[in-house]
Amino acid sequence: MTSCRGCGASGAEPVIDLGRQPLANAYLDEPALDRPEATYPLALVFCPRCSLVQISESVDPQLLFGDYRYLSSSSDAFVERARALATRLVDRYRLNASSQVYEIGSNDGYLLQHYRDLGIPVRGVEPAKAIARVATGRGVPTLSEFFSSAVARALRSDVGPADVIHANNVLAHVPDVHDVLRGIEILLADDGTLVVETPYVRNLVDGLEFDTIYHEHVYYYSLTSLAALWSASGLRIVDVERLPVHGGSLRVFGRKASSGGAQGPEVGALLADEVSAGIVGHAYYRSFAARVDALGVGLREMLVGLRKDGRRIAAYGAAAKGTVLLNAFGIGADLIDFVVDRNPMKQGLYMPGQHLPIRPVEDLLTEVPDVVLLLAWNVADEVVGQQEAYLRHGGRFLVPVPEPHFVG
Ligand code: ZN
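These notes cover the structure that comes with them. (Residues numbered from 1 in each chain as written. Predicted model: local features only at pLDDT ≥ 70, side-chain atom pairs only at ≥ 80, totals over all residues. Heavy atoms only, no water.)

Regarding empty space enclosed by the protein
Rules: Residues are said to line a cavity or pocket when one of their atoms sits within 4 Å of a point; the points come from a 1 Å grid over protein atoms alone, cavities being sets where a 1.4 Å probe fits but cannot get out and pockets being open sets with protein on both sides within 12 Å along at least five of seven lines. Grid points are joined across faces, edges and corners, and a volume is the space filled by probe spheres set on the points. Each helix is a run of H or I in the DSSP string that is no shorter than four residues. Each strand is a run of E no shorter than two, and both are numbered from the N terminus. Amino acid classes used here: Ala, Val, Leu, Ile, Met, Phe, Trp, Tyr, Cys and Pro are nonpolar; Asp, Glu, Lys and Arg are charged; the rest, including Gly, are polar.
According to the stated counting rule, one finds two cavities of 30 Å³ or more in the structure shown. By volume, the largest cavity is sized at about 100 Å³. Among the elements of the structure, helix 7 (201-206) and strand 9 (219-220) are those that each provide at least two residues to the lining of the largest cavity. The space that makes up the second largest cavity amounts to roughly 30 Å³. Around the second largest cavity, the lining residues are Phe 78, Arg 81, Ala 82, Leu 85, Tyr 110, Leu 111, Asn 168, Glu 197 and Arg 251. If one sorts the elements of the lining of the second largest cavity by residue count, helix 2 (residues 76-92) sits on top with four residues. Per-class residue counts for the lining of the second largest cavity are five nonpolar, one polar and three charged.

Rendered as structure tokens:
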């Protein structure tokens, strides 16, 4: 990267450098363990002109998302949240059988299925072919493509303009975000609404959520940097909410800039808040890397101590953030026996980098490790609630961030 992907300015300043890392979702099968594993630089920088935090070198999206295995429906809480959102927006925008709702990065249809159940026509766009097939199989028609301005033009003429476009955890993922925003502007009806959810850079920094930094995440937005980007594509922020999901996200509502309409008071309030918190300047990010290093030292010491006392340790959540944490802190087979995950597509495979085996969640009850490192800390309440039986057997969960602590 030689200039900011958002505004084109040069002179990006460093935020954190995690060194060379494997792709966080590139799980290995057994034969692959003997082959060399590809690694890529993983570092974040800050643009002093538009305040956009971004990865210094991006990886071809085809490599990242073509064989994507994360199923949104594997979290009951996500599905319930999606249902509540669909119900609310159908009511708020008076959607009906002649409306059209799209989702970009629609995954397995976890969100659009709720609109469909309410009688609203839906169309998903999801580049991972296996996951798009799951969605279509459950009655959510899904185009398996990377969304772009060209795809938007085709959808607008074949399916129709959008009353609502959802893009959850998408704008952070696409290196050519300008073309995706152009496509959204093309696809939106004149009075249509864009609803975006994206992790909030403030939670990343304040909550030491460094394990949400991986190659799939090109951008780490503030409302300030998002507003600059949107206005360059003819889009305007009209409302914003803060969500607890993924360690802290923004839900941002937008419309075509040409459509006019009022802006909710929360938008101005949050923009002012970002200025007073210093998020728009590099100084805010300066201590982040050192604080992450200290967290790693503390967590490793804790795990080494447990191991010395003869404790058996497993980990929960073979997700990208787990890969990042294990590799960044060098936590491998000397400390952790295995990782469990609910997603059957991951079971039997191995974690990138540290090569820990991924096993079914039920193994917590047969093996009963003394401690489970909760890599999926973003769904801690849900996991701990589901694992009552393991806790009754004397197990404990160790949550790694923002500082290591036991639950259960
Ligand atoms: Zn910039």
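Let's talk about helix 4 (residues 129-137)
Since the α-helix turns once every 3.6 residues, residues separated by three or four places project in the same direction. Just so we agree on the cut-off: For each residue, the accessible area found with a 1.4 Å probe, counting protein chains only, is set against the maximum for its type, and the residue is called buried under 20%, exposed over 50%, and partly exposed in between. Throughout, the arc means that of the directions going from the helix axis to the C-beta atoms. Residue contacts are counted whenever heavy atoms from the two residues lie within 4.5 Å of one another.
Among the residues of helix 4, those classed as buried are Ile 131, Ala 132 and Ala 135. One side of helix 4 holds all its buried residues, which, seen down the axis, span an arc of 100°. Away from its buried face, by an angle of more than 90 degrees, helix 4 presents the exposed residues Arg 133 and Gly 137. Looking at the buried residues of helix 4, the elements they touch are strand 6 (142-143). Gly 139 occupies a position one or two residues after helix 4 and carries a positive phi of about 85°.

Things to note about the side chain of Lys 346
Our working definition: Asp and Glu are treated as the negative residues and Lys and Arg as the positive ones, with His and the ends of the chain left uncounted. In what follows, salt bridge is the name for a side-chain nitrogen of Lys or Arg lying within 4 Å of a carboxyl oxygen of Asp or Glu. Any N or O atom pair separated by 3.5 Å or less is treated as a polar contact, with the protein-specific requirement of one donor-capable and one acceptor-capable atom, and with residues adjacent in sequence counted only for side-chain atom pairs.
By the secondary structure assignment, Lys 346 is in the loop between strand 13 (339-340) and strand 14 (358-359). For Lys 346, which is buried and forms no salt bridge, the nearest opposite charge comes from Asp 341, at a distance of 4.4 Å. At 2.9 Å, the side chain of Lys 346 and the backbone oxygen of Ala 318 are in polar contact. Dropping the residues within four chain positions of it, Lys 346 is found in contact with Tyr 27, Ala 318, Ala 319, Asp 341 and Ile 358.

Description of the pairing of strand 8 (residues 188-199)
How we decide: By the convention used here, strands pair only if DSSP detects at least 2 bridges between them. Think of it like this: strands point away, you trace from the first strand over the helix to the second, and a clockwise trace means the crossover is right-handed.
Burial within strand 8 is extensive, with nine of its 12 residues counted as buried. In this sheet, strand 8 lies alongside strand 7 (residues 162-168) in parallel orientation, the contact comprising six bridges. Of the residues in strand 8, the one forming a bridge with His 166 is Val 195. The β-α-β motif built from strand 7, the intervening helix 6 (residues 177-187) and the parallel element strand 8 has right-handed crossover chirality. Bridging between strand 8 and strand 11 (residues 249-256) involves six bridges; their strand directions are antiparallel. Paired with Val 195 across the strands is Phe 253, a residue of strand 11.

Re the nonpolar core
Operational definition: Here, nonpolar core means buried Ala, Val, Leu, Ile, Met, Phe, Trp, Tyr and Cys residues that are tied together by side-chain atoms lying within 4.5 Å of each other.
Ranked by size, the top nonpolar core spans 111 residues in total, and within it Ile 184 and Trp 230 carry the most contacts. Beyond its immediate sequence surroundings of up to four residues, Ile 184 is in contact with Ile 104, Phe 147, Ile 165, Leu 171, Leu 194 and Leu 235.

As for the pairing of strand 2 (residues 40-46)
In terms of burial, strand 2 is a largely internal element, five of the seven residues being buried. As paired strands, strand 1 (residues 13-21) and strand 2 are joined by six bridges and run antiparallel to one another. What sits directly across from Glu 13, in strand 2, is Phe 46. Here strand 2 runs beside strand 3 (residues 53-55); their pairing, made up of three bridges, is antiparallel. By the bridge assignment for strand 3, Phe 46 is matched with Val 53. Linking strand 2 back to strand 3 in an antiparallel pair, the connection comprises six residues, with Ser 51 at a positive phi of about 65°.

Points about the sheet that holds strand 1
The sheet built from four strands is open, its strands ordered 1-2-3-9 with antiparallel pairing. Single-partner strands in this sheet number two, and they are strand 1 and strand 9.

Side note on the coordination of the zinc ion
Quick note on the threshold: Counted as donors are N, O and S atoms no farther than 2.8 Å from the metal, or 3.2 Å for Na, K and Ca; water is not among the atoms, and sites may therefore look incomplete.
Protein coordination of the zinc ion is provided by Cys 4 (SG), Cys 7 (SG), Cys 47 (SG) and Cys 50 (SG), with donor distances spanning 2.3 to 2.4 Å. Coordination of the zinc ion draws on donor residues from a single chain, spaced C-x2-C-x39-C-x2-C in sequence. Of the two residues, Cys 47 and Cys 50, neither departs from the other in class, the shared state being buried.

Notes on helix 8 (residues 223-231)
Considered for burial, the residues of helix 8 that qualify are Leu 223, Ser 225, Leu 226, Leu 229 and Trp 230. Seen along its axis, helix 8 keeps its buried residues to an arc of 160°; they face one direction. Tucked inside the fold, the buried residues of helix 8 contact helix 6, strand 8, strand 10 (235-243), strand 11 and helix 9 (265-277).

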